[in-house]
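# Structure assessment
Listed below, chain by chain, are the residues.
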There are 4 protein chains.
Amino acid sequence: MTEFFKNINKIKFEGKESTNPLAFRHYDADARVDERASCRCLLLASSWPGSDVFGDGTFDHEWLKYQTQWNTLAFKADAAFEFFSKLDVPYYCFHDTDVAPEGASIKEYVNNFQTMVDVLEQKQEETGLKLLWGTANAFSHPRYMSGAGTNPDPKVFAYAATQIFNAMGATKRLGGENYVLWGGREGYETLLNTDLRQEREQLGRLMQMVVEHKHKIGFKGAILIEPKPQEPTKHQYDYDTATVYGFLKQFGLENEVKVNIEANHATLAGHSFHHEVATATSLGLFGSIDANRGDAQLGWDTDQFPNSVEENTLVMYEILKAGGFTTGGFNFDARVRRPSIDLEDFFHGHIGGMDVMALSLERAADMIENDVLSKNIAQRYSGWNEDLGKKILTGDLNLEQVANYAVDNNLSPVKESGRQEHLENIVNGFIYK
Amino acid sequence: MTEFFKNINKIKFEGKESTNPLAFRHYDADARVDERASCRCLLLASSWPGSDVFGDGTFDHEWLKYQTQWNTLAFKADAAFEFFSKLDVPYYCFHDTDVAPEGASIKEYVNNFQTMVDVLEQKQEETGLKLLWGTANAFSHPRYMSGAGTNPDPKVFAYAATQIFNAMGATKRLGGENYVLWGGREGYETLLNTDLRQEREQLGRLMQMVVEHKHKIGFKGAILIEPKPQEPTKHQYDYDTATVYGFLKQFGLENEVKVNIEANHATLAGHSFHHEVATATSLGLFGSIDANRGDAQLGWDTDQFPNSVEENTLVMYEILKAGGFTTGGFNFDARVRRPSIDLEDFFHGHIGGMDVMALSLERAADMIENDVLSKNIAQRYSGWNEDLGKKILTGDLNLEQVANYAVDNNLSPVKESGRQEHLENIVNGFIYK
Amino acid sequence: MTEFFKNINKIKFEGKESTNPLAFRHYDADARVDERASCRCLLLASSWPGSDVFGDGTFDHEWLKYQTQWNTLAFKADAAFEFFSKLDVPYYCFHDTDVAPEGASIKEYVNNFQTMVDVLEQKQEETGLKLLWGTANAFSHPRYMSGAGTNPDPKVFAYAATQIFNAMGATKRLGGENYVLWGGREGYETLLNTDLRQEREQLGRLMQMVVEHKHKIGFKGAILIEPKPQEPTKHQYDYDTATVYGFLKQFGLENEVKVNIEANHATLAGHSFHHEVATATSLGLFGSIDANRGDAQLGWDTDQFPNSVEENTLVMYEILKAGGFTTGGFNFDARVRRPSIDLEDFFHGHIGGMDVMALSLERAADMIENDVLSKNIAQRYSGWNEDLGKKILTGDLNLEQVANYAVDNNLSPVKESGRQEHLENIVNGFIYK
Amino acid sequence: MTEFFKNINKIKFEGKESTNPLAFRHYDADARVDERASCRCLLLASSWPGSDVFGDGTFDHEWLKYQTQWNTLAFKADAAFEFFSKLDVPYYCFHDTDVAPEGASIKEYVNNFQTMVDVLEQKQEETGLKLLWGTANAFSHPRYMSGAGTNPDPKVFAYAATQIFNAMGATKRLGGENYVLWGGREGYETLLNTDLRQEREQLGRLMQMVVEHKHKIGFKGAILIEPKPQEPTKHQYDYDTATVYGFLKQFGLENEVKVNIEANHATLAGHSFHHEVATATSLGLFGSIDANRGDAQLGWDTDQFPNSVEENTLVMYEILKAGGFTTGGFNFDARVRRPSIDLEDFFHGHIGGMDVMALSLERAADMIENDVLSKNIAQRYSGWNEDLGKKILTGDLNLEQVANYAVDNNLSPVKESGRQEHLENIVNGFIYK
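Residues numbered from 1 in each chain as written. Chains lettered and ligands numbered in written order. Predicted model: local features only at pLDDT ≥ 70, side-chain atom pairs only at ≥ 80, totals over all residues.

Under an unreviewed UniProt entry, the name given to chain A is Xylose isomerase, and the source organism is Vibrio variabilis. According to its UniProt record, chain A has this under Subunit (unreviewed entry): "Homotetramer." Quoted verbatim from the Sequence similarities (unreviewed entry) field of UniProt, the annotation for chain A is "Belongs to the xylose isomerase family." (UniProt positions renumbered as here; feature names shortened; annotations may be inferred.)

Below you can see the structure in the form of C-alpha cells.
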C-alpha cells in the first residue's frame, strides 16, 4: 500500500517543553481534561489544490493526482485515512463529492458514491476512526449556480434532494453522529431576479423533508445547519445564528435542527466567534464547530487554522458552561496557505490548530472550575429573582401596573458598574498563569 | 410669536427646472403619484447641537437655547411646528424626552411630559399636522447605561416601562398612527458580564406588555421595532430584520409588531437598504421607514439625509410592490453635517431628502406600472407551479420519493441564465429616461 | 471564419427612448460631448469560465474551448475582436498570458507570445481597433505564489522581468498608449515570513527598470500602477493611491508613473471611487480607469459592470476638471455574474456599463460647463489668496510670527457653513434634470 | 490636600500568582527585561465623563466637577498626579485644553495655559514624573469644525498655530521627550466642498513650520504624527503610516517627523496593529505607541485598554527587532467603558493594560533572544545576497539584461514553501510556554 506522507511518523504528544515541530505540545489524545467536551478534533482531507480566484493550484501532492481518476480514487481515501491516523484523531467528516466523482449522470453519481461508501466503511473498520458528520455538496456543480433547495427550477431541488438522501443514508450506515446541511449557494446574487418568500418556502420545505427522513430511517444523530452570511452569494439565507433561529421557528424546526458554527463565518457576519457560540447556546441551538478562523481585516473566507488561545478559550468556556458537546465536535474545515506547499505544512497546520484547541480547553476548564464570571452574572441579575423582577417576567404585572409601581415608589435606580475591565483581567489571569 | 426661521418662507414646489435652492423640484405636497404610498414625508425637529464624540456643538440656533429651560420650553415646540409648516409636510414624530425635560424624579418626568403633550395637541390643531409616531427615549439617560428592558436591575426596567406607558398614552391621545420601540441600549457591551438568555426574556416580556397594553387602551396604530446592529452597544438584540423576526416568533409577536427600517442601520448591519426592506415585506413585517442614509465607507451612524435616487427607487419599488404603506411613512431621523451651521442648511437637508424620495417614488411608480421585474420573476419560478414543484411544496413527496423521482427520470436540469446585467439595465432605463 | 456571437449584430446607438436591450441608449460612438474625455470605452475579452472559489465554471461559450489548445488559439483572438467590433469600441487591452499560453518553459513562453502578437497586429489592422494598454500577468502561475518583483527568490523576479520585457515590447509594437504594471501578488500573506523593507526595495528597483526601459526603447505611452489593497494577498504594497504616491516618491518615480484606478479596489480599500480619483488628480498621478465596480457590502473583488450614474458622474466630473485623459481611458475589467451564462448576457453587461459611463460623462460635462462647485470652492478658500494666507504658504511667516499675529490681533475666526447638503442638492440637480 | 482615589493604595507588583485585582501580575516598575524597550507605560488622566453620541455622562468622579471651574482647576492636576503616582508609572502626557480652559479669547487661552504649565512643572518636581509628550487640541472647538491646519480660513490656521506654539514651548520647558501633532479634523467631510491639493499644501506648510520651530528653540525631542483614517471626518489626510510617509516625502520631512501609532486607528484603517508598526519600522518612521485597542467588529474608535498578549507580543517583537524605542513609549489613550463607573474600574483598566504590555514585552524579549523568525527570513531571502540578486538591486542589470539572463539560462524557479503555519506555531510556542 502506498504511503503518501512519507518520512512523517505518527504525531505524538510531547508536552509543552517540546521543540519538535512535528509533535503535539498540548493535544494529548489519551488525556481529556473534561469529559463533556472531550476534544473531538477531526478533519477533512483537503482536495484543494492550492488555487485561488487569481491563480492556479500550487500543490504537487500525490493524492491530488487521483482526484478525478475513478479507477484509482480509493487511493485518495488511503491518503486521507493515513493522514487521520498519523494525527491520531478520533473522528473524520466527508462531503459526498469529495469522496466520489459526480459522474456524467445522476445514476452514475449514485453508483460512484455507493462504491466509495463501501471503501470508507472498510477504512473505518481498519483504523477505528469514527464519522463525526457527513454532508452533500450541493453548491459547486454548475447546476447549483442559482441555488440548490432555493433554485428557481424544482428539478435542481430534486437533484440536491437526491444527493442529500444518499449522503444521509451513508452517514447513518457509517455510524455518523451528525448530518450537516451546507447552504453554500442558498442565497441570492441580486434581488432583481429573486423571490425571497418563495425561496424561503422551498428551503424550509427541504429542511422539513430532511428532518422527516431522519426520523423515518431512525438516524439518531443531529441535523446541523452551518450559518454563513455571504460568499459566494451576495447574501445567504442562513446569515448567522440569530437568522437561522428565525428560520427554524418559521418552519417548526427549532427543536429538530442545530447549528454548526464556523469561526470564519462569524467574522464575515460581523460577529465575534464567541458571540455566535453564546447566541447558539442561549437559544438552545448549539451543535458543533468548524474551528477554522477568518481574518478580521479581510472580507472573504480565508479558512485558516485556529491559532488564538485567547479567542478559543472563551469559546470553549461557553461550550463547557452549556454542558459541553452532545453529538458535536471540532472540525477543521481549514486550509494551509497557498504558498505552504510542503507535506509538512499540512501537518503544521493541523498540529498547531489542535494544540490551540487543546490548550484553550484546558484554560476553559480552569475557568469553569472556579467560575467567577458566572458568579458575577448571578449577582448582577439577582434583582430578577426578587419580587418586582419575578412579577414582571411571569406576567403578573402589566405595563400600567409596572408604571404605577415606579411612580408610586418614586423609583430612582442606583447605577451599578458593569466592571468589564475587571472581568477582562480575570480572564487573562486564567489564560496567562 | 417668535419666528425662528426668519427670512425663509414656506417652501414651494417649483418643478425640476427650478434653480431656487429653497424650493422643491420633485416633492409636490398636492400631487401624489400613487395613493398607496402617498409620500408621507415627515420630520423630527432636531435638538442636536452639532456636537460629536470629538468636539463640542457648532450650532448657534435660537431654539437650542430653550432646550433645558422649562419655563420657555414651549418655544422649542413653536420652532418645530414652524419648521414643519414651512416644509409643508403632513406628519411629525416625537421622542418623549425631546419634547419635555426629564426632571429630577420620575414624578417630575410624568408631569413635565403631560404638560407638553397639551402643547403638542394644541399645535396639531392649529397647524393640521398629524402624528406619524411617538416613542420614548430609554437610552440616553445614565440609568440606561446597561440597557432599559434588558437592564440587570428590574427597577430600571420599571422606569423604562413608565416612560413607554406615558409615551403610548400620549401617542394615542394625539392620534398617532404608530408607536415605535427604540432599543438604543438593548444590547451588550461585553459577553463577560451578560446573560443573553435572561436579557432576551426580559425584552420579550417588555414587548408583550406593550402589545397587551395597546389592545387594552384600544390604540389602533402599529407597534414598530427599529432594527440596529450595534452602536452605542457592541451588539443589539434587534440586529436586523431577520433577527427581529426570530425574536418576534419566540415571543408570539410576529403578527403584532412590525419593523421601522432605517437605511443607515442596514448599512451598519452589512446589508443594502433594499435588502432590509425586501426581507421585511417577504416576512410580512414591513411597517415604516427612517430614510436617513449611512456611509458605506464609515462604521458609525452618520444619519445623513437621503440623496440617492438610484438606491431609493428600488426601496420604493419594493414598498409599492408589497402594497404600499398601511400606517407607516418616511421619517427623516437625519442631521445636517456638523459644519452646516446656517439655518438654510437645515432646509437644504430636508428639501434635498424630500425631493430624492419624491422622485424615487415617481420612478418606482413607473416600474410598477410596467412591472418587467415581476414578470421575469414569475417566469423564472414557474416550474414551482407545475406538478413536481407543487408536490414538493405541499409535502406530497418526501425526501426519498423526490430522490427516486430524480433517479428514475435521470434528471439533468438545464441551466437558465439569471440575467442580472439585463435586469440592472432595465432598472436604469426607468431611472434615466 | 467562425462567427462566435451568432445572431447578435453590431450594437447601435438608438437613443434613450429605445427599449431594445441590444442597443445603446446613451453611448454614441460617433458623438463625443467633450473631446478631452472622449469616452474611450474598451474591453478585455474574458477568458473567465464562470468559476469561483466554491464552484466550477458555468459557461459553455465556444471560445473557452480554445483556451489551452495552442493550434487553435487564434480563434480566441477572433472571438475577442468580433466582440470588440460588434460593440463598436475604439480600444482594447491585453494580458500576455490571456493572449498566449505560457508553455512549458520560458523559451516557449517567449515564442508563443511573439506568435500571438503577430496575430494581434493583423487583427488591429483589419479592424482599426487600437491598443489602450498591455500588461504581463505575473500573479496567476504558481511560481508567483510569493510575489513576482517581491519574491524572495531573484530567479522569480527575473522570470517576471522577462514577461514584462516582452509585454512592453509588444505594447510598443502594437501602438499601445499605456503599459500597466499589475501587482496581483506584490504583497504578503503573513508578516512572520516577510521582510517589508527588502521587498519594497525589490519592487522599487523593478519599477525603475521598467521606466528606464521605456525611455531606452522610446515607448511614448504612460507607465501605470493599479492600486489594490488586498486579495489574493493579505496586504498589497500598492494599497491605494496615497500609498502608491509614497512609494513612487521613495524611488524617484513620481513624475514617471501614474495610476490606473479601479472602482472595485477603491471599495476594498475603504474609499469611495471618487476619493481615489480625486486623490490621484490632486497628486498629479491620474492615469487611467478600470471601471468595474465592487459591492459595498462584500469584501472581495466582485468585478461587476458599472451601473451607477450617480457615482460615475462625480468621477467623470473630477476627470474633466483635471483636464480629461491624456493617454488613459476606461477599461472594463468586469465579468458578468456566474449565473449569467448566455451570450447575450455578455453584451448586456458591456452595453449597460458603457451606457452608464456615457451618460455620466454627459452629466459631468454639464457640471463643468456651469461649474458651481468650483466657484464655491474658490470662494471658500479665498482667504488663502489674501495677505495672511499667502504669507503662511510662502514661508514668509514662521510659527512664532503666526502665533504672535494671532494673539496681537486677538483673532476670533467666524465659522462658515460647509454647505454640504446644498452642494449635494446641486449635484442631484445636474443628474436628475 | 484632597485625596481623590480614596481607599486605593499605590498599586504593587505581586507576581502572576496574585489574585489581588488591585495589584500588578506582570508589570514590575523596578525590573526591565530589556532596556531598549523599558516599558515606558504612561497615561492621560481622562476628562471624559462617560458620555457618547447617544447618551449623557455616567461618571460621578469628583475631579470631573473641576473641569470648567478655573479657580479650582489645579485640583484636576492633583487628581491626575495622584493617579499617576498610585500606578507607579514613570511618564505622563497632556493636551493643552485638557490642562487649562480655553477661555473666552485667544489671550485668555495663552494666560490660562501658562498658569497651568507652572502647576505641572511643580507637580513633576514633587512626584518625579516625566513628560512623554505634549500636544495641542485643535479639533474639539467649533472653530475647528472644518479643520485646523487644513481650514479654508487662514485665521483658523493661525489660531491652531498659536496653540501649537504654546504647547511646544510648554513641552520643551517641561522636559517632554516628544511633541505630537494630532490631526483630529485634518480631513474632509465631503469632496464637494474640498480642495484636496490646497489643504495638503496647508498641512504640509504647518508641519514644516513645526519642524523649523523645533530647531529654532532647540527642542531635542521627536515630532510625531498620529495616523488615523477617519472619524470624526469622513477621511483624514494622515490615513495610515504608508500615507503619512508619502506626505512627509512630499514636504521633505521624512527625516524630521515620526509616527505615533495607535492600535485602534490601525483597526479602523483595515490593518493589523502589527502591520502598522512593521510598516513604520521598515520606513524608518517609528516613533511611539498609543496602545488603546479598537474592536474588529465595530467601525468607530472604541479606545479600549489593550488586553491581548497575542497581538501585543508581535508588536513588541517588531519594536525590539528595530532597536526599541528612542524617545517614544506606550501611552494609553484609553477609556473604561461607559458603564464602568467605579473608581476601581479606572484602576482595573490601567492595571490590566499595563500587565498585558509587560507580559507581551517579556514574551517578545524571549523571541528576540532566540530569533527564529529573523533567521528564517534571512534564509528565505538569501538569494538576494548572491550574484543575480545583488546585480538586480544595485542596478548593474537593466530590464533587458535580466530578461536575456532568464531566457539564456532557461530559468525555471523552484517553489519554496512560505511555512506560515509552522511560523505561527513557533510564535505560539513562545507565548504559551
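Secondary structure assignment for chain A yields 14 helices and 12 strands. Here the C-alpha coordinates of chain A stretch approximately 85 × 60 × 45 Å along the principal axes. Within chain A, the fraction of its 433 residues that count as buried is 61%. (Helix = DSSP H or I, 4+ residues; strand = E, 2+ residues; numbered from the N terminus. Buried ≥ 20, exposed ≤ 12 C-beta atoms within 10 Å, placed from the backbone.)

With that settled, the discussion passes to the UniProt feature "binding site: Mg(2+) 2" (unreviewed entry) in chain A. All names here are of chain A. The UniProt record marks Glu262, His265, Asp301 and Asp303 with the feature "binding site: Mg(2+) 2" (unreviewed entry), using the residue numbering of this structure. Sequence-wise these annotated residues cover 42 residues; spatially they are packed, their C-alpha atoms never more than 10.3 Å apart. Looking at where aspartate 301 falls in the secondary structure, it is placed in the loop between strand E11 (286–290) and helix H9 (309–321). If we skip the residues at most four places from it in the chain, aspartate 301 touches Glu231, Asn264, Leu268 and Gly294. By secondary structure assignment, the location of aspartate 303 is in the loop between E11 and H9. (Contact = placed C-beta atoms within 7 Å.)

So, on to the relation of the copies chain C and chain D. Structural alignment of chain C on chain D gives an RMSD of 0.0 Å, achieved by rotating through 180 degrees and translating 0.0 Å along the axis. Seen this way, the second copy is the image of the first under a two-fold rotation axis. Measuring from the rotation axis to each C-alpha of chain C, the shortest distance belongs to C:Gly246, at 1.7 Å. Interface overlap between copies is the fraction of interface residues in one copy that are interface residues in the other; for chain C against chain D it reaches 99%, indicating a shared surface. (Least-squares fit on C-alpha atoms with pLDDT ≥ 70 in both.)

The end-to-end C-alpha distance of helix H10 (residues 343–369) of chain A, which contains 27 residues, comes to 40 Å, matching closely the 39 Å that a straight helix rising 1.5 Å per residue would cover. Within H10(A), 22 of the 27 residues are buried, which leaves it mostly tucked inside the rest of the structure. (Expected span 1.5 Å × (residues − 1).)

On to the domain arrangement of chain A. According to the domain assignment, chain A contains domain 1 (12–369) and domain 2 (373–431). Between the C-alpha centres of domain 1 of chain A and domain 2 of chain A the distance comes to 39 Å. (Domains from an automatic or database assignment.)

Turning our eyes to something else, we now look at the UniProt feature "active site" (unreviewed entry) in chain A. All names here are of chain A. When the UniProt feature table is mapped onto this chain numbering, "active site" (unreviewed entry) sits at His95 and Asp98. Mapped onto the fold, histidine 95 is located in strand E4 (residues 91–95). Judged by the 21 C-beta atoms lying within 10 Å of it, histidine 95 falls in the buried class. Sequence-distant contacts of histidine 95, defined by excluding residues within four places in its chain, comprise Thr135 and Asn137. Within the secondary structure, aspartate 98 sits in helix H2 (residues 96–99).

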